Amino acid sequence: MLREVRKARLGWKIWKKMMRRLRIDYDTAILVLPEKDEVWNECALRYFPNYAKRKSAKRCIIMARDREIVEKIRAMDIGMENCEVLCLARFKMDLLLKYYCLHKFFDNIVMMYMDEPHDNDTKRILQQGIVSIEEVVCLCFYQLREVPKHV
Amino acid sequence: MYDVFKQKLQEQLEAFLETGKLTGKQKIYFFGINDSCRETITYLREKNLEVLGILENNTSKQGTYCCGVRAVSVKAGIGNRHSDKVVIISSPYWREMKEQLLSLGMSEEQILVLFVFFDEIPWKPYFREPMKLVMQGRDIYRNLEKRYSPDYHFLLCPYTGTGDVYLVGTLLPAYLRKNGIEKYVLVVISASCRKVAKIFDIPYIHQLEGMDDVTCLLRYYMLCPEETKLKVLNDSWADIYTCLTQWVRGLHGMDFTQMFTRFVFELGEKARPEQPVLKERREEVDVVFEESGMVPGRTVVIAPYTTTLSELPNEFWEKLAKSLTERGYMVFTNSGGPGEPVIDGTDAAFFPLEIAPQAMSRAGGFVGVRSGFCDVISGSTAKKVVLYDKHATFYNCSAYEYFSLEKMGLCDDAVEIEYDNKDYLDVLDVVLREFPKLAEVQKC
C-alpha cells in the first residue's frame, strides 16, 4: 500500500504544479494521451472539440507522452482555438492517474488510457468486436449522447 | 432512493427553504428526470410547494412524467421571461447544466444545486481527506478477512438494486465454476439485497453497515486493487468513476444480462442466467397468505412503483384493480412502505423477498411496471405481466430492449407490454385479456 500511496502523493504534487503553471480552472478542458496507438489518439483528438464544447471550455490543453506525438498534434488542425499542446512523460501521466484513483480532482480532464487503471474495461470492450473506437471515445470517455457526425 | 441520500437531499432542500433561496413565490423547476427529481417533488409537496415542470435535454424523455410532473425541453420550460423561476439541479453534470441555464439568461441565484450522490469537487487539491477514506476502507477489508479468512474472495454488490443482485445470483455459479472459486463471500449493502441473495445457494452473505462503508471500501480498492481479493459485481458504479463501461449499455443489443456476462463475469455473450432451485418455504408462505387474506390462484399482485424506470399514473392502477376485482380476483398492492401507498381498491401485500418467488407462484398473478421485483419473481409460475414505457430509454436503447425478462434469459412466460404514456389507458384492455373472469367459488 505504501507504494501506491507514494505514487498518489507524487501525482498530487504534479497536479498542484500543473494548476499553478498552466492556470487551470473550470474554463479549461484537458486531454491526456498516454497511448502510442495512432488510431486511438487520432480518434480522441477528432472528438475532443465536442467534449470541450460540452464543458463550455474556453481553452484546452492536450498532453502527449512524447515530443514526436506533440509535433504531430501541433501540425494537425484540431478545430479548436486557444489550444496548448504539451509534452508530459508517461510516468508522470501514470502518477497523475494514480492520484485520480485516490481523488477525482477535476471534472474537466479526460485520460485516454485503454486498460488502466484496474477497472478500465476499454480494451475488453473493443475486443468484443461490436463497439467501435468512436463509440468508446465519444460515449465512454467524453460522455457525449452520441457519436457526432463529422464532415 | 437509499435513506442516507434521501436525508442528504432533504437537508439541502430544507436549507434552501430556510435561507429563502426557495420560496412559494417562485415557479420551481427541476432539471433532469432522475431519483433526486422524484424525491424533490415528493418532499416539496409535503411543504405545499409544487414543481411546475421538469427540464430535459434528452428528447426521448420530453413529454414523459415523473410524479405527475411533465418533462419539457429546457428552452420551452425556461421561456423568455424567467425572473420568477428557480431551477433545481442534482446531477454530476451540474456544471454543464448550470452553464446552459446561464446562457439562457438565468442568474446564479436562480440555480440551486443539490449535492446528493456526488460531492462538489473542491478546488483545493486534497490528499489527506481522501486518504482517510482509503484507510477506513482498508480497515473494513481487513475486518472482512479476519471474519472469514484471507483465502476468501469477496464479491461486492455495491448497489441497492434487488434486480441486480438477482441477476448476479443467476450468473454466479458459472463464474465460480470457470474460475475454480470455492471460498467466497457475497458482500451486499442492504437488507433487501441480502434477502434476495438468500434465494440462491450462497453460503456466506455479508451485509456492510452502510453506504459509507461501501464508499471507503471502494476507495481502498481503487487505490490498491492488487492488495485485495475483492471483485465488484457491476459493469460500473458511481463510486468507481474510473470504470466507464456503463456508457455502452444497450449498444448493439447488449442488454442487462449481456453486460454482466461479457464484462462483469467474463462468461461470453452466449452465457445465460441459471434460475435457482427454489427452496420449500411452505410454512412461511402460509403465514403470509393467512395474515394478508390473499387467496391462492385468485390473487393478482400489482406493483406500480419502480426506482429506475417510469411509472404509470394512479388512474391506471385504480381502473385495473376495479376491473380485476369485478372479474373475481383479489388485488393487492406490492408496497414497500409509506413512500409506496396502496392503490385505492386494493390491500397491501408484503412478503419477504427471499420467499417472493414462492409466494407469487401461489398467488397466481402479477402486473407491474418493470422493476427489480420482476427479476426476483421471474422464476415463479405466476402469470406475469410487465409494463414498459415505450418512450423510456436506458442509456443507448429503450427500457424494454435493455430490461426485457425474455431477452435477458430470465423467463419466457412473461407477457411484456410497451405502453405509450400519452395513452396509457389503452393498455388496460391488453392487460385484462391476460386475466379472464374467474368462476365463482362454490359456497359451502
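Read on for an overview of the structure. (Residues numbered from 1 in each chain as written. Chains lettered and ligands numbered in written order. Predicted model: local features only at pLDDT ≥ 70, side-chain atom pairs only at ≥ 80, totals over all residues. Heavy atoms only, no water.)

**Some thoughts on the nonpolar core**
Ranked by internal contacts, the top residues of the largest apolar core, which has 99 residues, are Tyr 142 of chain A together with Leu 186 of chain B. With near-sequence residues (within four places) excluded, Tyr 142 of chain A lies in contact with Leu 31, Ala 44, Tyr 47, Phe 48, Tyr 51, Arg 54, Val 110 and Val 137 of chain A. Counting 80 residues, the second largest nonpolar core, distinct from the first, contains Met 1 of chain A together with Phe 5, Ile 28 and Cys 216 of chain B. (Core = buried A, V, L, I, M, F, W, Y, C linked by side-chain atoms within 4.5 Å. Buried < 20%, exposed > 50% of the residue type's maximum accessible area, 1.4 Å probe, protein only. Contact = heavy atoms within 4.5 Å.)

**Let's talk about unusual backbone geometry**
Residues other than glycine predominantly adopt negative phi, and peptide bonds predominantly adopt the trans conformation. Glu 116 of chain A connects to Pro 117 of chain A through a cis peptide bond whose omega is 0 degrees. As for its placement among the helices and strands, Pro 117 of chain A is situated in the loop between strand 4 (109-111) and helix 5 (122-127). In the Ramachandran plot, His 252 of chain B falls in the positive-phi region, its phi being about 50 degrees despite a non-glycine side chain. As for its position among the elements, His 252 of chain B is in the loop between strand 10 (230-232) and helix 9 (256-264). (Helix = DSSP H or I, 4+ residues; strand = E, 2+ residues; numbered from the N terminus.)

**Some details on the packing of helix 1 (residues 2-22) of chain A against helix 4 (residues 90-102) of chain A**
Residue and element names in this part refer to chain A. One way to put it is that helix 1 packs onto helix 4 with a least axis distance of 7 Å and a crossing angle of 105 degrees. Considering the angle they form, helix 1 stands roughly perpendicular to helix 4. Residues Glu 4, Lys 7, Ala 8, Leu 10, Gly 11, Trp 12, Ile 14, Trp 15 and Met 18 of helix 1 form the contact with helix 4, whose participating residues are Lys 92, Leu 95, Leu 96, Lys 98, Tyr 99 and Leu 102. Of the residues assigned to the contact of helix 1 with helix 4, the class counts are ten nonpolar, one polar and four charged. (Axes fitted to C-alpha atoms, helices over the stretch in contact; angles between N-to-C directions. Parallel < 35°, antiparallel > 145°, perpendicular 65-115°, else oblique. Nonpolar A, V, L, I, M, F, W, Y, C, P; charged D, E, K, R; others polar.)

**Some words on the packing of helix 5 (residues 128-147) of chain B against helix 8 (residues 211-223) of chain B**
To characterise two packed helices, one gives the angle between the axes of the helices and the distance between these axes. Residue and element names in this part refer to chain B. Where helix 5 contacts helix 8, the two axes come as close as 7 Å, and the packing angle between them is 100 degrees. When the interaxial angle is binned, helix 5 and helix 8 end up roughly perpendicular. Facing Pro 130, Met 131, Leu 133, Val 134, Gln 136, Gly 137, Arg 138, Ile 140, Tyr 141 and Leu 144 of helix 5, the residues of helix 8 in contact are Asp 213, Cys 216, Leu 217, Arg 219, Tyr 220 and Leu 223. The residue makeup of the contact of helix 5 with helix 8, split by class, is eleven nonpolar, two polar and three charged.

**Digging into the sheet that holds strand 9 (residues 205-207) of chain B**
Residue and element names in this part refer to chain B. The four strands are arranged 9-8-7-10 in an open sheet whose pairing can be described as parallel. Where the open sheet ends on each side, the last strands, each with one partner, are strand 9 and strand 10. Each strand of the sheet is rotated relative to its neighbour by a mean of 25 degrees, with strand direction disregarded. Taken together, the three bridges between strand 7 (residues 153-156) and strand 10 define a ladder with parallel strand orientation. When the sheet's bridge partners are listed, Phe 154 is paired in strand 10 with Leu 230. The strands that helix 5 touches are strand 7, strand 9 and strand 10; relative to strand 7, the one it contacts most, it runs at about 125 degrees. (Pairing = 2+ DSSP bridges.)

**Looking at the side chain of Arg 138 of chain B**
Mapped onto the elements of the fold, Arg 138 of chain B is located in helix 5. In this view, Arg 138 of chain B contacts Met 1 of chain A together with Tyr 220 of chain B; residues no more than four positions away in its chain are not counted.

**Re the sheet that holds strand 11 (residues 299-303) of chain B**
All names here are of chain B. Reading across from one edge, 13-12-11-14-15-18 is the order of the six strands in this open sheet, with parallel pairing throughout. With one partner strand each, in any of the chains shown, strand 13 (347-349) and strand 18 (415-419) form the two edges of the open sheet. On average, each strand axis in the sheet is inclined to that of its neighbour by 25 degrees, with strand direction left out of account. Pairing between strand 12 (residues 330-334) and strand 13: three bridges, direction parallel. In the strand pairing of strand 13, Phe 332 is matched with Asp 347. Strands in contact with helix 12 (residues 356-363) are strand 11 and strand 14 (364-369); relative to strand 14, the strand with the most contacts, it is inclined by about 115 degrees.

**Here we look at the side chain of His 82 of chain B**
Residue and element names in this part refer to chain B. Mapped onto the elements, His 82 comes out in the loop between helix 3 (74-78) and strand 5 (85-89). Among the polar contacts made by the side chain of His 82, one reaches the main-chain carbonyl oxygen of Leu 104 at a distance of 3.1 Å. Apart from the residues within four sequence positions on either side, His 82 is in contact with Leu 104, Gly 105, Met 106 and Gln 110. (Polar contact = N/O pair within 3.5 Å; in protein donor to acceptor, adjacent residues only side chain to side chain.)

**Topic: the interface of chain B and chain A**
Quite often, the size of an interface is put as the accessible area lost when its parts meet. Contacts between chain B and chain A engage 41 residues on the former and 41 residues on the latter. Around 4,100 Å² of area is buried between chain B and chain A when both sides are counted, 63% of it from carbon and sulfur atoms. Its largest share of buried area at the contact with chain A, chain B owes to Trp 123, Phe 127 and Tyr 241 of chain B, together 18% of the area lost on that side. Our count for the chain B to chain A interface comes out at four salt bridges. Across the pair Arg 95 of chain B and Asp 107 of chain A runs a salt bridge, and its minimum N-O distance is 2.9 Å. (Buried area = accessible area lost by both parts, 1.4 Å probe. Salt bridge = Lys/Arg side-chain N within 4 Å of Asp/Glu carboxyl O.)

Everything listed here is a matter of geometry and, on its own, says nothing about what the molecule does.
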